[in-house]
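The residues making up each chain are set out below.
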Amino acid sequence: MATVVMKFGGTSVANIERIQNVARHVKREVDAGNKVAVVVSAMAGVTNQLVAWVKEASPLYDAREYDSVVATGEQVTAGLLAITLQAMGLRARSWTGWQVPVKTDGAHGSARILDIPGENIRKQIEGGEVAVVTGFQGIEPIENRISTLGRGGSDTSAVAVAVALEADVCDIYTDVDGVYTTDPRIVSKAKRLSKISYEEMLEMASLGSKVLQTRSVELAMVYKVKTRVLSSFVAPDAMQPFNADNMENIGTIVCDEDEIVEQQVVSGIAYAKDEAKITLLNVADKPGIAARIFGPLADANINVDMIVQNISADGKHTDMTFTVQAAELPRTLDVLKKAKSEIGHVDVKSSADVVKISVIGVGMRSHAGVAAQMFKTLSEKGINIHAISTSEIKVSVLIDAAYAELAVRALHSAYGLDND
Ligand code: ASP
Ligand code: MG
């Protein structure tokens, strides 16, 4: 008998028919004797609608009340699923964030989970009842207010519940059947990965492969929660109940890299469209200038990603290029304008017509030449690189948005990832 956490995203619970489908997935596990906690998202589109209403009511909304409104979507789904399970003859009960309780900090709108005492739920599931837990929400115990975990936060709720219950697996059911080597909508030869390491998944998630919320992967990595991504759109009776010895036949397992036997050098190609590039021309080349540029940006909470400083030909001036999230571009330009007296007279150019393409793989730690291969592949396609950044397991380049798909396809094939 295993303890299984099953999480279902918005498209998996989009209407009553889909919720009935979810209930059949749950029933399969219960019938096999597993102890089951389910974590649900709001029905597809509901959270967007709630957020839109809040903003319509007042653009300068109180974050506590935002949470109070947007957390309601999950409560609807949890209740509906509990009712549906009961109608199928199972014992089931819904749990909201404060009932569990999922204790969080007070950062309303993007709260972090601090603690989940697992006793309440454990007692119920041990007794054979299905616990249906609202994702995305918690309670900030000091002020005693509802909190939410940030968009996509139900993934994090699920992993946290798995930690609290010491579950054997955290199965994340979604509308794709796993994690792919790249976006299958761009590369038809993309392959489903049977396993991916936490580190690689973190890079994929933070680079815009929105299968899992980044925080959920961080949490899974810290607590070594075996997390599996799989599709709720597979017929419930076409799947075997959870079996620890045979997890690999379906979905993608996110796990420790030691558990991956056939490790590839490069596991995946990710791309992020929401990048913007800023170039400062004619910056004085002297000590302290970078601090004067990036200090005010940091103070304004603007995250700078890639940075390139050119060598200065005359020894006095240089060009500096960096990237921020595209949504932050107006604010960034504003901060730079205000910092003009410290930075000195520079010409500022910017463009949001850029994408960041990344190759990711833990194998890079022990293999040379991954970056060189990337540059060669792009040059053969005549694609110009504006900026480069690297980490231990990732090489990223910034290129013109028009070449994004060409670059992803070429790299996917160059690193031998194409399905044949
Ligand atoms: N319903 C929330 C959202 O749309 C949380 C989630 O689905 O994970 O962001
Ligand atoms: Mg999601």
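Structure shown above.
Residues numbered from 1 in each chain as written. Chains lettered and ligands numbered in written order. Predicted model: local features only at pLDDT ≥ 70, side-chain atom pairs only at ≥ 80, totals over all residues. Heavy atoms only, no water.

**A few points about the sheet that holds strand β14 (residues 307–309)**
If you walk across this open sheet you meet the six strands as β14-β15-β13-β16-β18-β17, and the pairing is antiparallel. For this open sheet the edge positions go to β14 and β17 (387–391), each flanked by a neighbour on one side alone. Across the sheet, the axes of successive neighbouring strands diverge by a mean angle of 25 degrees, strand direction being ignored. Two strands pair when backbone bridges link them, and β17 and strand β18 (residues 394–400) are joined in this way by five bridges, in the antiparallel orientation. From the neighbouring strand, Ile388 faces β18, where its bridge partner is Val397. Sheet contacts for helix α13 (residues 404–414): β13 (268–284), β16 (347–360) and β18; angle to β16, the most-contacted strand, approximately 25 degrees. (Pairing = 2+ DSSP bridges. Helix = DSSP H or I, 4+ residues; strand = E, 2+ residues; numbered from the N terminus. Axes fitted to C-alpha atoms, helices over the stretch in contact; angles between N-to-C directions. Contact = heavy atoms within 4.5 Å.)

**Observations concerning the site of ligand 1**
The immediate surroundings of ligand 1 are formed by Ser41, Ala42, Thr47, Glu74, Phe136, Arg151, Gly152, Gly153 and Ser154. Note that an oxygen atom of ligand 1 is positioned 2.8 Å from one of the backbone N or O atoms of Gly152. Considered on its own, ligand 1 offers 260 Å² of accessible surface; in the complex 86% of this is hidden by protein. Its residues assigned to classes, the shell around ligand 1 shows two nonpolar, five polar and two charged. (Near = heavy atom within 4 Å. Polar contact = N/O pair within 3.5 Å; in protein donor to acceptor, adjacent residues only side chain to side chain. Areas by Shrake-Rupley, 256 points an atom, 1.4 Å probe, with all protein chains shown as cover. Nonpolar A, V, L, I, M, F, W, Y, C, P; charged D, E, K, R; others polar.)

**A closer look at the side chain of Glu203**
In this fold, Glu203 is placed in helix α7 (residues 198–206). Here Glu203 falls in the buried class, since its relative accessible area comes to 15%. Apart from residues lying up to four places away in sequence, Glu203 is in contact with Ile360, Ser391, Ile393 and Lys394. (Buried < 20%, exposed > 50% of the residue type's maximum accessible area, 1.4 Å probe, protein only.)

**Looking at the layout of surface pockets**
The method is simple in principle: a probe with the dimensions of a water molecule rolls over the atoms, and the space it marks as empty is what remains. Taken as a whole, the second largest pocket holds about 400 Å³ of empty space. Every residue lining the second largest pocket is counted, 19 residues in all, and those nearest its centre are Leu193, Ser194, Lys195, Glu262 and Gln264. Split into classes, the residues belonging to the lining of the second largest pocket amount to six nonpolar, six polar and seven charged. (1 Å grid on protein atoms, 1.4 Å probe; cavity = no way out; pocket = protein on both sides within 12 Å on 5 of 7 lines; lining within 4 Å. Points joined across faces, edges and corners; volume = space filled by probe spheres on them.)

**Quick look at α7**
Most of α7 sits out of view: seven of its nine residues are buried. Among the residues of α7, those classed as buried are Tyr198, Glu200, Met201, Leu202, Glu203, Met204 and Ala205.

**Regarding the environment of Arg292**
Assignment of secondary structure puts Arg292 in helix α9 (residues 289–299). It is 9.7 Å that separates the C-alpha atoms of Arg292 and Gly344, two residues lying 52 residues apart in sequence. Apart from residues no more than four positions distant in its own chain, Arg292 is found in contact with Lys286, Pro287, Glu342 and Ile343. In terms of polar contacts, Arg292 uses its side chain to reach the backbone carbonyl oxygen of Glu342, at 3.1 Å.

**Focus on the environment of Val4**
Counting through the fold element by element, Val4 comes out in strand β1 (residues 3–8). Distance in space between the C-alpha atoms of Val4 and Ala167 is 5.6 Å, their sequence separation being 163 residues. Once you skip the residues sitting within four places of it in the chain, Val4 turns out to touch Glu29, Asn34, Lys35, Val36, Ala37, Val169, Asp171 and Phe242.

**Side note on the packing of helix α2 (residues 46–57) against helix α3 (residues 63–70)**
Running from amino to carboxyl end, α2 crosses α3 at an angle of 145 degrees, the nearest separation of the two axes being 9 Å. Two packed elements cross with a definite hand, and for α2 against α3 that hand is right-handed. Contacts between α2 and α3 involve Leu50, Val51 and Val54 on the former and, on the latter, Tyr66, Val69 and Val70. Of the residues contributing to the contact of α2 with α3, the split by class is six nonpolar, no polar and no charged. (Left-handed = near helix turned anticlockwise from the far one by under 90°.)

**Remarks on the sheet that holds strand β10 (residues 195–197)**
Spatially, the eight strands line up as an open sheet ordered β3-β6-β2-β1-β9-β11-β12-β10, and their pairing is mixed. Each of the sheet's edge strands pairs with one partner strand only, and the pair in question is β3 (92–95) and β10. Strand-to-strand twist of the sheet, defined as the mean angle between neighbouring strand axes without regard to direction, takes the value 20 degrees. Taken together, the five bridges between strand β9 (residues 169–174) and strand β11 (residues 227–231) define a ladder with parallel strand orientation. When the sheet's bridge partners are listed, Ile172 is paired in β11 with Val229.

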